[in-house]
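Structure at a glance
Letter by letter, the chains look like this.
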Amino acid sequence: LDSALTDSDLCHLICCATEFENVKIRQEELSEIDNLVIKACPLKVKKPVHDSSDKSLVLMQAFISRSKIKSFTLISDTNYIASNAGRVARAMFEMCLKQGKASPALKLLRIAKSVDKQVWWFQSPLRQFDGEVHTNVFNALESRKIGAESGYNSFEAAMSLLDMTSQEVGQLCHWSKGGEKIKRLVKMLPQLEIDYTVQPVTGSILRFHVTLRPTFNWQGRWHGGAQGFWLWVEGGQNRIWHHEYVIFSRRTHPESTSLD
């Protein structure tokens, strides 16, 4: 798992797992698969689709993109792939954590979360609020450019709406009466405020004191009883020196948590 691997490479690697070896390519499915490659696959797919890993990659992307699939056999295969892809991605993520590889770890984690939520990491995180926001709102938000790149800053793009008035948000999203509701949903997006101090102990050891404070509004319907966050200390050459999984509960929200 090299740091140079792209998102597409890692997705294909996930689909090369033994879990997907039994996914067969049927002649009658090829036309619909080719159509899905065009309409439902934002990540690169090798053409033509000729083996189980290629087909699994197409169907995994179609699942995340929430594309409508017509063939009964493709629907069955998609459900099977969706039930396993997230687990395989998280297993590979855990491997990268143990090996201290930050770049592939981050990419695999967001792939796993994309499978779980059926939302791409470069799409607006507001898509997680099913049925609450009109589709044209997502199109408007995802067409905005934040920073040097477009797409990979979707969270920052959503949070920037809090700096605007409800009327301005409504105009931007082409939903004049929805500005206040959109801002209310943005405030529910899980995020943390991080404060830390670093003290040298020896020439090769540093001591970190980290304070994490949740800065979002908790809503049981969307957040459940607990929310987990991965925290790691990353050094040069994308090396992870330490990592922890931190859980915040609804019962103690919005209390902060301190780590040493």
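What this report covers is the structure whose coordinates are included nearby. Since the structure is predicted, the reported quantities are computational estimates derived from the model, not experimental observations. (Residues numbered from 1 in each chain as written. Predicted model: local features only at pLDDT ≥ 70, side-chain atom pairs only at ≥ 80, totals over all residues. Heavy atoms only, no water.)

Attention now moves to the overall build of the protein. Looking only at helices and strands, the protein has 10 helices and 5 strands in total. Looking at the protein as a whole, 40% of its 260 residues are labelled buried. For the protein, restricting intrachain contacts to residue pairs at least 6 apart in sequence, the fraction spanning at least 24 positions comes to 59%. Entry remark: accessible area of the protein is about 14,800 Å², with carbon and sulfur atoms responsible for 50%. (Helix = DSSP H or I, 4+ residues; strand = E, 2+ residues; numbered from the N terminus. Buried < 20%, exposed > 50% of the residue type's maximum accessible area, 1.4 Å probe, protein only. Contact = heavy atoms within 4.5 Å. Areas by Shrake-Rupley, 256 points an atom, 1.4 Å probe, with all protein chains shown as cover.)

A full pass over the atoms with the stated rule returns 10 aromatic pairs. Ring plane angle 85 degrees and centroid distance 6.3 Å describe the contact between Phe20 and Tyr80, whose orientation is recorded as edge-to-face. One end of the pair, Phe20, is in the loop between α1 (7-15) and α2 (30-40); the other, Tyr80, is in helix α4 (residues 72-99), and 60 residues separate them in sequence. Relative accessible area serves as the criterion here: at 0%, Phe20 is assigned to the buried category. (Phe/Tyr/Trp six-rings, centres within 6.5 Å; stacked < 30°, edge-to-face > 60°.)

Our focus in this paragraph is the nonpolar core. If you look at the biggest cluster of nonpolar residues, it comprises 42 residues, and the most contacted ones within it are Ile14, Val58 and Met60. Of all the elements in the fold, those that place two or more residues in this core are α1, α2, α3 (52-64), α4 and α5 (102-117). Examining the composition of this core, we find that 9 residues originate from one element, α4, more than from any other. Not counting the four nearest positions on each side in its chain, Val58 is found in contact with Ile33, Leu36, Val37, Cys41, Val45 and Val49. (Core = buried A, V, L, I, M, F, W, Y, C linked by side-chain atoms within 4.5 Å.)

What describes two packed helices is the angle between their axes and the distance between those same axes. Across the interface, α4 lies against α5 with an axial gap of 8 Å and an inter-helix angle of 160 degrees. Comparing the axis directions of α4 and α5 gives the class roughly antiparallel. The interaxial crossing formed by α4 with α5 has left-handed handedness. Here α4 contributes Ala82, Ala85, Gly86, Ala89, Arg90, Met92, Phe93 and Cys96 to the contact with α5, which in turn contributes Pro104, Ala105, Leu108, Leu109, Ile111, Ala112, Lys113, Val115 and Asp116. Split by residue class, the contact of α4 with α5 holds 13 nonpolar, 1 polar and 3 charged. (Axes fitted to C-alpha atoms, helices over the stretch in contact; angles between N-to-C directions. Parallel < 35°, antiparallel > 145°, perpendicular 65-115°, else oblique. Left-handed = near helix turned anticlockwise from the far one by under 90°. Nonpolar A, V, L, I, M, F, W, Y, C, P; charged D, E, K, R; others polar.)

This brings us to the side chain of Gln227. Mapped onto the fold, Gln227 is located in strand β3 (residues 226-234). Taking relative accessible area as the criterion, Gln227 reaches 19% and is therefore assigned buried. Here His223 takes part through its backbone oxygen, which lies 3.1 Å from a polar atom of the side chain of Gln227. Sequence-distant contacts of Gln227, that is, excluding residues within four places in its chain, are made with Pro190, Trp218, Trp222, Val246, Ile247 and Phe248. (Polar contact = N/O pair within 3.5 Å; in protein donor to acceptor, adjacent residues only side chain to side chain.)

Attention now moves to a nonpolar patch on the surface. Residues Ile194, Tyr196, Val198 and Leu206 make up a contiguous nonpolar surface patch of about 410 Å² in total accessible area. At 3 residues, strand β1 (residues 192-200) tops the list of elements feeding residues into the nonpolar patch. (Patch = residues over 30% accessible without salt bridge, like charges linked within 9 Å, V, L, I, M, F, W, Y side chains within 5 Å. Salt bridge = Lys/Arg side-chain N within 4 Å of Asp/Glu carboxyl O.)

You can see Asp7 is positioned in helix α1. Taking relative accessible area as the criterion, Asp7 reaches 8% and is therefore assigned buried.

A word on the state of the cysteines. Using the criterion set out here, one finds 0 disulfides in the structure. Sulfur of Cys96: no disulfide; nearest cysteine sulfur belongs to Cys11 and is 13 Å away. Classification of Cys96 by relative accessible area gives buried; the value is 0%. (Disulfide = S-S within 2.5 Å.)

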